Amino acid sequence: MDPRDELLVELKNATGWKSGEQLSRQMSMTRSAVWKHIVKLREDGYNIESSPKKGYRLADGDVIIPSEFRRGLRSDLFIPSETRFLRQASSTNAEARRLAEDGAPEGALVIAESQDSGKGRRGRHWFSPPGLGLYFSFVLRPGMAPAEAARITLLMSVSAAEVIADKTGLPVRIKWPNDILINGKKAAGILAEISTELDSINYMIIGLGINVNVPRGSAACGFPPELRKTATSLLIEAGRAFPRAPLLQCILLDFERRYNAARQDGFSSALRRWRELAEIIGKKIKIETAGGTIAGTVVELDTDGALVLRNTAGALRRFLSGDIVQEMR
Ligand code: BTN
């Protein structure tokens, strides 16, 4: 293991302070080598406190330690050599796209501790405070037609919803197209981007943001005022914090399983599960699209991921993108 990661593991697992003496003994290195690694880790953004009498303490609550994470992720799709960790990214989607353009293989993964320009759908910003959420994106090269892209994104929303529900015991729902809601508020979102070549997908970037341990808004931290009515986190809903690394590993493995199954047997079982989690068929909704707002009743989620709506004039309309702005019971 990388000595800096090893040092982080020691500090993370310590119940309180760790003296330089203890660390140098446990890691078989001199105290000055320990100090040099601490300096470097601080430069990388880790919040390590030091006290002349007590030693060192990791002030970040829930750190994801790269080598520990890689070792724990037993995947054929997301392989260690293609997994990158960033303390800070502008946007992991932008990073992953850059990697894809440079020829990165399917499964190349970018995980950031924070993003300063996290992107949401339709040009929105994604709130990405350090250490409190999961922000990651990966490259897919599915070799499918561009029309399949929406269905692949549905797989991701089913995986995220299922794993979050399993880990938290909370009532998780999907809001078309790919918002993950808990008790009616948004806890996670997916941003998929594709590059196409003639009639096939060249690469696809799937980015997921999850509000894991974001506290309720206050002046100092938590959601900014404009998000407080619509956004939530697992911490707020469950009343307890969740370690991020195992949550992320489970979501990646669940996605891999569904992706492989869909390639082999088609998307029908994932679509079925999506419909159950979305509970939208038969509901009256208003949908906001680039072309305006349309009201109607949801007739079906089509096999290509399109939402089929019967508008007030009785005509059927299909939507592959948009926002449900109002749901009427
Ligand atoms: C949405 O619901 O509007 C989509 C939000 C997607 C946010 C994630 S965070 C990781 C990845 N990088 C980004 O810039 N966006 C996605």
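Residues numbered from 1 in each chain as written. Predicted model: local features only at pLDDT ≥ 70, side-chain atom pairs only at ≥ 80, totals over all residues. Heavy atoms only, no water.

Novice: I'm lost on the layout of surface pockets in this one. Help?
Specialist: Remark: the empty space left among the atoms is shown by a probe the size of a water molecule rolled over them. Counted as a void, the largest pocket has a volume near 1100 Å³. As for the largest pocket, its lining consists of 48 residues, and the residues nearest its centre are Lys175, Asp179, Leu181, Lys186 and Thr230. For the lining of the largest pocket, the elements supplying multiple residues, two or more each, are α5 (92–101), β5 (133–140), β6 (172–175), β7 (179–182), β8 (185–197), β9 (200–211) and β14 (323–328). When grouped by side-chain class, the residues that make up the lining of the largest pocket number 19 nonpolar, 15 polar and 14 charged. The calculated volume of the second largest pocket comes to roughly 510 Å³. Lining the second largest pocket are 22 residues, with Arg121, Asn178, Ala192, Leu320 and Ser321 positioned closest to its centre. When residues of the lining of the second largest pocket are traced back to their parent elements, those giving at least two are α6 (149–168) and β8. (1 Å grid on protein atoms, 1.4 Å probe; cavity = no way out; pocket = protein on both sides within 12 Å on 5 of 7 lines; lining within 4 Å. Points joined across faces, edges and corners; volume = space filled by probe spheres on them. Helix = DSSP H or I, 4+ residues; strand = E, 2+ residues; numbered from the N terminus. Nonpolar A, V, L, I, M, F, W, Y, C, P; charged D, E, K, R; others polar.)

Novice: Looking at this structure, I do not really get the nonpolar core. What am I missing?
Specialist: Soluble globular proteins tend to bury their nonpolar side chains together. Grouped together as the largest cluster of nonpolar side chains are 63 residues, with contacts concentrated most on Phe136, Phe138, Leu140, Trp176, Leu252, Phe255 and Leu307. Of all the elements, α6 adds the most residues to this core, at ten residues. Filtering out sequence-adjacent residues up to four positions away, Leu307 remains in contact with Trp176, Ile280, Ile285, Ile287, Val298, Glu300, Leu301, Arg317, Arg318, Phe319 and Ile324. Membership of the second largest hydrophobic core comes to 16 residues, among which are Leu7, Met27, Ile48 and Val63. (Core = buried A, V, L, I, M, F, W, Y, C linked by side-chain atoms within 4.5 Å. Buried < 20%, exposed > 50% of the residue type's maximum accessible area, 1.4 Å probe, protein only. Contact = heavy atoms within 4.5 Å.)

Novice: What exactly am I supposed to notice about the side chain of Gln249 here?
Specialist: Considering the arrangement of structural elements, one finds Gln249 in helix α8 (residues 244–265). The exposure class of Gln249 is buried, given its relative accessible area of 15%. Apart from residues no more than four positions distant in its own chain, Gln249 is found in contact with Glu68, Phe69, Gly72 and Leu73.

Novice: Would you explain the side chain of Glu193 in this entry?
Specialist: Structurally, the position occupied by Glu193 is in strand β8. Among the polar contacts made by the side chain of Glu193, one reaches the side chain of Asn93 at a distance of 2.6 Å. Among the polar contacts made by the side chain of Glu193, one reaches the side chain of Arg97 at a distance of 2.8 Å. Once residues within four sequence positions are removed from consideration, Glu193 is found in contact with Asn93, Arg97, Lys119, Tyr203, Met204 and Ile205. (Polar contact = N/O pair within 3.5 Å; in protein donor to acceptor, adjacent residues only side chain to side chain.)

Novice: I would appreciate a short explanation of the packing of α6 against α8 in the present structure.
Specialist: The contact between α6 and α8 brings their axes to 9 Å, and the two run at 140°. If you check the angle between α6 and α8, you find them oblique. The two elements α6 and α8 cross, and the hand of that crossing is right-handed. From α6, Ile152, Leu155, Met156, Val158, Ser159, Ala160, Glu162, Val163 and Lys167 reach across to α8, where they touch Pro246, Leu247, Cys250, Ile251, Asp254, Phe255, Arg258, Tyr259 and Ala262. Along the lines of polarity and charge, the residues of the contact of α6 with α8 split into 13 nonpolar, one polar and four charged. (Axes fitted to C-alpha atoms, helices over the stretch in contact; angles between N-to-C directions. Parallel < 35°, antiparallel > 145°, perpendicular 65-115°, else oblique. Left-handed = near helix turned anticlockwise from the far one by under 90°.)

Novice: How should I be thinking about the pattern of salt bridges in this particular structure?
Specialist: Close approach of charged atoms allows side chains of opposite charge to pair. According to the stated counting rule, one finds 27 salt bridges in the structure shown. As a salt-bridge pair, Glu193 and Lys119 come within 3.4 Å of each other at their nearest N and O atoms. Separated by 74 residues along the polypeptide, Glu193 in strand β8 and Lys119 in the loop between β4 (109–112) and β5 bring together distant segments of the chain. Classification of Glu193 as buried rests on a relative accessible area of 17%. Assessed through its relative accessible area of 33%, Lys119 is described here as partly exposed. Asp254 is paired through a salt bridge with Arg258; the nearest N and O atoms lie 2.6 Å apart. Placement of the pair is Asp254 and Arg258 together in helix α8, with a separation of four residues, close to one helical turn. Each of Glu162, Asp254, Arg257, Arg258, Arg273 and Glu276 takes part in a single network of salt bridges with overlapping partners. (Salt bridge = Lys/Arg side-chain N within 4 Å of Asp/Glu carboxyl O.)

Novice: What is the right way to look at the environment of Thr30 in this model?
Specialist: Here Thr30 lies in the loop between α2 (20–26) and α3 (31–43). Taking C-alpha positions, Thr30 is 9.0 Å from Gly20, a pair spaced ten residues apart along the chain. Looking at Thr30, its side chain comes within polar contact range of the main-chain nitrogen of Ala33, at 3.0 Å.

Novice: When you look at the pairing of β5 in this model, what are you seeing that I'm missing?
Specialist: Sheet faces and side chains relate simply in a regular strand, where the side chains alternate between the two faces. Here β5 lies mainly inside the structure; eight of its eight residues are buried. Here β5 shows a buried face lined by Gly133, Tyr135, Ser137 and Val139 and a second buried face lined by Leu134, Phe136, Phe138 and Leu140. Here β4 runs beside β5; their pairing, made up of four bridges, is antiparallel. Bridging from a neighbouring strand, Ala112 pairs with Tyr135 of β5. Here β5 pairs with β9 via eight bridges, running antiparallel. Bridge pairing in β9 places Gly133 opposite Asn211. (Pairing = 2+ DSSP bridges.)

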